[in-house]
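Below, each chain spelled out in residue letters.
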Amino acid sequence: MNYSEYISLILLLPLAGFVLLGLFGKKLFKQSSGMIGVLVLLISTVLSLYTAYQYFFVNGKLNDVYQTIIPVKYTWLQFASGTSIDMGITLDPIAVMMLVVVTFVSLMVHIFSLGYMKGEKRFSTYYSFLSLFTFSMLGLVVASNIFQIYIFWELVGISSYLLIGFYFDRPSAVAASKKAFIITRFADLCFLIGILILAFEGGTLDFNTLIHRLTDTQSSQYISITTASFLGVSVLTWALTLVFIGGAGKSAMFPLHVWLPDAMEGPTPVSALIHAATMVVAGVYLVARLFPVFSINEASLYIVTWIGAISAILAAIVACTQTDIKRVLAYSTMSQIGYMMFALGVAHLGGESGLGYTASMFHLFTHAFFKSLLFLCAGAVIHLIHSNEMNDMGGLRKYMPVTHITFLVACLAIAGVPPLSGFFSKEEVLLAAFHSNKLIYGIALFTSGLTAFYMFRLYFSIFWNKSKSLDTHAHEGTFSMKLPLIVLSICTLLAGFIPFGNFISSDGKNLELPFLLNFSIAPVLFALTGIVVAMRMYKKENNLPHRVAASLGGLYKAAYRKFYIDEIYLFITKKIIFNLIGRPAAWIDKNIVDGTMNGIAYGTGKVSHWIKGIQSGKVQGYALYFFSGIIVLAILVIYFWK
């Protein structure tokens, strides 16, 4: 079967689900909306897996190099000869991998939501929004040109806004959706400017053509974009930095991360789908998609590296202090995406120097499974306890055996404990950093210990710690909620054994991922230390956590308050922008612009009042004006006409 015969269905089925459930769900499919959504995603997932099999094992390679295949392409807008916006589907290793990740995780979320969202008034609307998001994300990952990816990039933002604000009757959810939308819009403006610069200098919007022209050192486009500069910085550096800012906004990288914890106001399955496994890795995917261009510009890679490292350690420190389980997982997501970013930053194109690229994609792949598992387990806990706070939990392992075991598997994976998937992918990230930048490696190693600590702090606080008595009829949810947990835990156990370098590398060739036993000792020791410390502090109820927090004083308070970054944004917005720019602009608008218009209207009204008597409707008045005019004209002609 040819790719073009079925590949479009992977995208169009979720779009059809969105239209069908959005328009007719409430009236015609109120009870069956969930099953329709699941069926649509099941078909898309099967087709994605079939596509991956065909690409990786049948016809994706040519001369031992994975090729870029464009099975679908048509011209949407033609501007001039050779310049157009095309809509197409690109298949290459990272696009095919993301097809599998997005559809599979979305399917798990759809199935889990059957039980979690049961009884919701807007049940069909919820599933229509999920379908819209899935369509948007799939369109983003297979985009064949840089403007197409921007279209779906914005559509993903709209989907996120709708899902975060799903509970629109809650002021906190409305505020969170607006916050996410506004912050990512600023980042997306930078992204738009960046892609316009790249398209202008490269003379094309097509990814493959653009990459070829901007990486060919003999091409006129390469010479132009690298020699031209603004403020002493090359145009290429500016363009790639602006593109990265767009990715940093979507992936919640420092300092554009403040929307991610608030986004937990949406339904928990939404958090698993959007803010753990798919949408927030869009920035990582964007850098990977343009990696050949990034690789020739050290300045932009330097920015990617350090923003990723800072985000990783900052989020890990904050996660150690939070008590809302979804916010802990949100900061954990930010930290893990930081790993993916700095892994890309320390990589280069081709061969073993591209280890960071493969490690980043490998960690993206494994992270999708164990992080969505963590969020769905958190959803099961919240479904039982009706609270997000760790202080309201404890001793739940006897009430939630399936959730307990699967959550433990995910915690071990994210902590980097062998032989789970997170261990293998994180080892490659650390190894790439070690070979490239020892300081980045040190930050990453310390962060891995913090990751183990805050995740097992969460685990022990939920399932051990104090004893909690619940209703004897309390249970951990329906079969539809347990099944995704079991499936994702199996994926978490096995995904690390995939020879990932055989499928995805910076140059399309096989890359054997090294496994050095001696190198793994330090990361595993850091992980085990974090676990032991968390067990000592949180397995049994005691006042040790309070004593430690008190001993840290201002540092703990600053971390708990997220280092006051939200307050800094509010200060800049309210005190500086509103007072110094907004108020003067409002005064000018009110007193000068509106004042001028009001003055003209007032003068017109006065003149109208003065002359309105001329049109009185009285014939004798008109006759008087007529003869008066004749007399005036006669006087002018007789006495003044020369």
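Residues numbered from 1 in each chain as written. Predicted model: local features only at pLDDT ≥ 70, side-chain atom pairs only at ≥ 80, totals over all residues. Heavy atoms only, no water.

Engineer: When you look at the side chain of Ser-234 in this model, what are you seeing that I'm missing?
Structural biologist: Residue placement: Ser-234 occurs in strand β6 (residues 233–234). Within polar-contact distance, the side chain of Ser-234 engages the side chain of Thr-237 at 2.9 Å. (Helix = DSSP H or I, 4+ residues; strand = E, 2+ residues; numbered from the N terminus. Polar contact = N/O pair within 3.5 Å; in protein donor to acceptor, adjacent residues only side chain to side chain.)

Engineer: In this structure, what is going on with the environment of Asn-59? I would like to understand it.
Structural biologist: Along the polypeptide, Asn-59 turns up in helix α2 (residues 33–59). Given a relative accessible area of 38%, Asn-59 falls into the partly exposed group. Put simply, Asn-59 and Ile-69 are ten residues apart on the chain and 10.0 Å apart in space, counted from C-alpha to C-alpha. Those residues in contact with Asn-59, other than ones at most four positions away along the chain, are Tyr-3, Gln-54 and Ile-69. A polar contact of 2.7 Å, which involves the side chain of Asn-59, links it to the side chain of Tyr-3. (Buried < 20%, exposed > 50% of the residue type's maximum accessible area, 1.4 Å probe, protein only. Contact = heavy atoms within 4.5 Å.)

Engineer: Sorry, what's going on with helix α19 (residues 438–463) here?
Structural biologist: Every α-helix winds through 3.6 residues per turn, so residues three or four apart in the chain are directed the same way. Compared with the 38 Å implied by 1.5 Å per residue over 26 residues, the 37 Å span of α19 between its first and last C-alpha is a close match. Within α19, 21 of the 26 residues are buried, which leaves the element mostly enclosed by the surrounding structure. Among the residues of α19, the N-terminal cap falls to Asn-437, whose side-chain oxygen and the backbone nitrogen of Leu-439 are separated by 3.0 Å. (Expected span 1.5 Å × (residues − 1).)

Engineer: For this particular structure, what's the right way to read helix α17 (residues 401–415)?
Structural biologist: Here α17 is 15 residues long and its end C-alpha atoms lie 21 Å apart, about the 21 Å a rise of 1.5 Å per residue gives. Among the residues of α17, Thr-403, His-404, Thr-406, Phe-407, Val-409, Ala-410, Cys-411, Ala-413, Ile-414 and Ala-415 are the ones counted as buried. Residues of α17 that are buried make contact with α15 (325–345), α16 (355–385), α18 (421–436), α19, α20 (479–494) and α21 (517–538). Once α17 ends, the next one or two residues include Gly-416, with phi positive near 85 degrees.

Engineer: When you look at the nonpolar core in this model, what are you seeing that I'm missing?
Structural biologist: Side chains that are nonpolar tend, in soluble globular proteins, to be buried together. The biggest cluster of nonpolar side chains holds 209 residues, and the ones touching the most others in it are Leu-198 and Met-361. Top contributing element to this core by residue count: α16, with 21 residues. Apart from the residues lying within four places of it in its own chain, the contact partners of Leu-198 are Ile-146, Gly-203, Leu-210, Leu-214, Ile-225, Leu-236, Ala-239, Leu-240, Val-243 and Leu-290. (Core = buried A, V, L, I, M, F, W, Y, C linked by side-chain atoms within 4.5 Å.)

Engineer: Looking at this structure, how should I read the packing of α17 against α19?
Structural biologist: For any two helices packed against each other, one specifies the inter-axial angle together with the distance between the axes. Running from amino to carboxyl end, α17 crosses α19 at an angle of 170 degrees, the nearest separation of the two axes being 9 Å. Between α17 and α19, the crossing angle belongs to the class labelled roughly antiparallel. Between α17 and α19, the contacting residues are Thr-403, His-404, Phe-407, Leu-408, Cys-411, Leu-412, Ile-414 and Ala-415 on the first element and Thr-451, Ala-452, Met-455, Phe-456, Leu-458, Tyr-459, Ile-462 and Phe-463 on the second. Its residues assigned to classes, the contact of α17 with α19 shows 13 nonpolar, three polar and no charged. (Axes fitted to C-alpha atoms, helices over the stretch in contact; angles between N-to-C directions. Parallel < 35°, antiparallel > 145°, perpendicular 65-115°, else oblique. Nonpolar A, V, L, I, M, F, W, Y, C, P; charged D, E, K, R; others polar.)

Engineer: What is the right way to read the packing of aromatic side chains from this model?
Structural biologist: In this description, an aromatic ring pair is defined by two values, namely the gap between the centres and the angle between the planes. Under the criterion given, the structure shown has 41 aromatic pairs. Members of the aromatic cluster, connected to one another through ring pairs, are Tyr-53, Tyr-55, Phe-56, Phe-57, Tyr-66 and Phe-503. (Phe/Tyr/Trp six-rings, centres within 6.5 Å; stacked < 30°, edge-to-face > 60°.)

Scope: geometric values only; no functional claims are made or implied.
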